[in-house]
Amino acid sequence: MPSVAFYTLGCKVNFYDTEAIWQLFKNDGYEQVDFEGTADVYLINTCTVTNTGDKKSRQMIRRAVRRNPDAIVAVTGCYAQTSPGEILDIPGVDLVIGNQDREQIMTHVKNIQESRQPVNAVRNIMKTREFEEMDVPGFADRTRAFMKIQDGCNNFCTFCIIPWSRGLSRSRDPKSIVAQAHQLVEAGYKEFVLTGIHTGGYGDDLDNYRLADLLWELDKVDGLERVRISSIEASQIDEKLLEVLNRSTKMCRHLHIPLQAGHNEVLKAMRRKYTTEEYFAKMQLIRQAMPDVGITTDVIVGFPGETDEMFRAGYDFMKAVNYSEMHVFPYSKRTGTPAARMLNQVDEEIKNARVQELIDLSEEMQLAYARSFVGKTLSVIPERAAKGSAGRSIQHGFSDNYLQILFPGDDSLQGELCQVKVTEAGVNECRGELVSVSQPAAAGLGGSVR
């Protein structure tokens, strides 16, 4: 039986795409083996969000070539899309295919097996207007299903290369999403994470159909308990979406809303399309619609031209928004973006000191948010036994508002909707005790109300 090994770098969308590509190999009679072992085909799904992403991608490609010089080495993903020439210059690479046409991978592999001629199958993604449909009936991680609903981005932020590697925003057909939703519920998944490159832009290219419309359709899917949006821009949360957050019993009380910078001058230089005032007003509306919601964010520190005063103002702004967690990144130059050519770059040491301050602030806010739930009961879907738990007697899972919770219980609880009382708060992990396990609701009656 022929074998294939995968290595995925980068974001959740890449991991989803890898699962989809695996289905193509599986249907062709391949077995999947470990990337560290010997395989007939190695497929590296690359990332190009930073220069380091490119470098790591090249390292993994070379590693595959060394593992089995006779194997076919295929490269896909964002770095493949933007720099196919650089990749084909690496001796031993057989196929480069970007972020489209991937349903043709098996044809390319068969042709290369016969001809042993390297193939560059990358074409201009900026002309692509159709969402690439690829079937993913299940995931190795048994409890949360990722569902890609959108690809590409129209924003062109000055620090970001992604529109060039993913193309412009295109939405998946709602019928196809709902069909996959039913398929995944049949396979036993109770929670879906809706993902995309610019997930909240879903529907921008559809006639009179937006993310809120899709969420109401998913709300009707029996057996589906929780819907999570992987990331959404503040400007994309309109009245219709606020209504879904307020009224749907399936929407998780957690939103990831990138801020990137807490000062209007920096936001303008980044070409972000909102002011701090607009952002703050939106956070208040979300909290009215969905009390106790956990709001997490991304922040870039030390963007070119960010002065100490701007950073201080941003720090105070983030404190005022009161996130439940922040993902903090020092600005890193991405070759090919306008920001990399800006003059007033910020010194590395200053950047690192600022990053540390924001990480400390994030941990403070994380703990305060977790503490507000001590003594309350939350719904948790355990994913796995906690690391290092004796005899797998402690389970680890996420609450609907994205707290990581450990509680006593055995592996039979995995994938079930458990009611867990929080007994102790921590920065990254909280502890709790099992109160009850929800029985699946009878068809047509809807799930349990949170």
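Look above for the structure.
Undergrad: Explain the packing of aromatic side chains here, please?
TA: The geometry of an aromatic ring pair comes down to the distance between the two centres and the angle between the two planes. Under the counting rule described, the total for this entry stands at 15 aromatic pairs. Between phenylalanine 156 and tryptophan 164, the aromatic rings sit 5.3 Å apart at their centres with planes inclined by 65 degrees, giving edge-to-face as the arrangement. Taking the centre distance of 5.0 Å and the plane angle of 65 degrees together, the rings of tyrosine 369 and phenylalanine 373 count as edge-to-face. Overall, tyrosine 369 belongs to the buried group, its relative accessible area being 13%. Three or more aromatic residues joined by ring pairs make a cluster, and in this case those are Phe6, Trp22, Phe25 and Tyr30.

Undergrad: Could you clarify how one ought to interpret the sheet that holds strand 10 (residues 191-195) in this entry?
TA: Pairing between sheet strands relies on hydrogen bonds along the backbone, with the strands arranged either parallel or antiparallel. With respect to topology, three strands assemble into an open sheet ordered 7-10-11, the strand pairing being parallel. Looking along the sheet, the strands with just one partner apiece sit at the ends: strand 7 (144-148) and strand 11 (226-229). In this sheet, neighbouring strand axes are inclined to one another by 25 degrees on average, regardless of whether the strands run parallel or antiparallel. Strand direction decides the pairing type here: strand 7 and strand 10, joined by five bridges, are parallel. In the strand pairing of strand 10, methionine 147 is matched with leucine 194. Across the sheet, helix 7 (residues 174-186) lies against strand 7 and strand 10, angled at about 165 degrees from strand 7, the strand it touches most.

Undergrad: For this particular structure, what's the right way to read the environment of threonine 377?
TA: Along the chain, threonine 377 turns up in strand 15 (residues 377-385). Using a relative accessible area of 42% as the deciding quantity, one classes threonine 377 as partly exposed. Measuring from C-alpha to C-alpha, the distance between threonine 377 and leucine 434 comes to 9.1 Å, with 57 residues separating the pair along the chain.

Undergrad: Even after reading the chapter, I still don't get the pairing of strand 19 (residues 430-437), so can you show me in this structure?
TA: Side-chain positions along a regular strand alternate between the two faces of the sheet. Here two bridges tie strand 17 (residues 404-408) to strand 19, and the two strands are oriented parallel to one another. By the bridge assignment, leucine 406 is partnered in strand 19 with arginine 431. In this sheet, strand 19 lies alongside strand 18 (residues 418-424) in antiparallel orientation, the contact comprising six bridges. Residue pairing in the sheet places valine 422 in a bridge with glycine 432 of strand 19.

Undergrad: Please explain the sheet that holds strand 12 (residues 254-256) as it appears in this structure.
TA: What the three strands build is an open sheet, ordered 12-13-14; its pairing is parallel. The outermost strands of the open sheet, each flanked by one partner alone, are strand 12 and strand 14 (325-330). With strand direction ignored, the average angle separating the axes of adjacent strands in the sheet is 15 degrees. Here three bridges tie strand 12 to strand 13 (residues 294-301), and the two strands are oriented parallel to one another. Counterpart to leucine 255 in the pairing with strand 13 is isoleucine 295.

Undergrad: Explanation requested: the pairing of strand 10 in the structure shown.
TA: Burial within strand 10 is extensive, with five of its five residues counted as buried. The alternating pattern of strand 10 places Glu191, Val193 and Thr195 and Phe192 and Leu194 on opposite faces, both of which are buried. Once you follow strand 10 into helix 8 (residues 211-219) and on to strand 11, the crossover reads as right-handed.

Undergrad: What's the story with the nonpolar core in this structure? I'm lost.
TA: Nonpolar side chains in soluble globular proteins tend to end up buried together. By size, the foremost hydrophobic cluster in this structure holds 76 residues, and its most contacted members are Ile257, Tyr279, Ile286 and Leu358. By residue number, the principal contributor to this core is helix 12 (residues 308-321), which donates six residues. Ignoring any residue separated from it by four or fewer positions in sequence, one finds isoleucine 286 in contact with Ile237, Leu242, Leu245, Leu255, Ile257, Val293 and Ile295. Grouped together as the second largest cluster of nonpolar side chains are 21 residues, Ala64, Val73, Val75 and Val96 included.

Rules used throughout
Residues numbered from 1 in each chain as written. Predicted model: local features only at pLDDT ≥ 70, side-chain atom pairs only at ≥ 80, totals over all residues. Heavy atoms only, no water. Phe/Tyr/Trp six-rings, centres within 6.5 Å; stacked < 30°, edge-to-face > 60°. Buried < 20%, exposed > 50% of the residue type's maximum accessible area, 1.4 Å probe, protein only. Pairing = 2+ DSSP bridges. Helix = DSSP H or I, 4+ residues; strand = E, 2+ residues; numbered from the N terminus. Axes fitted to C-alpha atoms, helices over the stretch in contact; angles between N-to-C directions. Contact = heavy atoms within 4.5 Å. Right-handed = clockwise from strand over helix to strand, strands pointing away. Core = buried A, V, L, I, M, F, W, Y, C linked by side-chain atoms within 4.5 Å.

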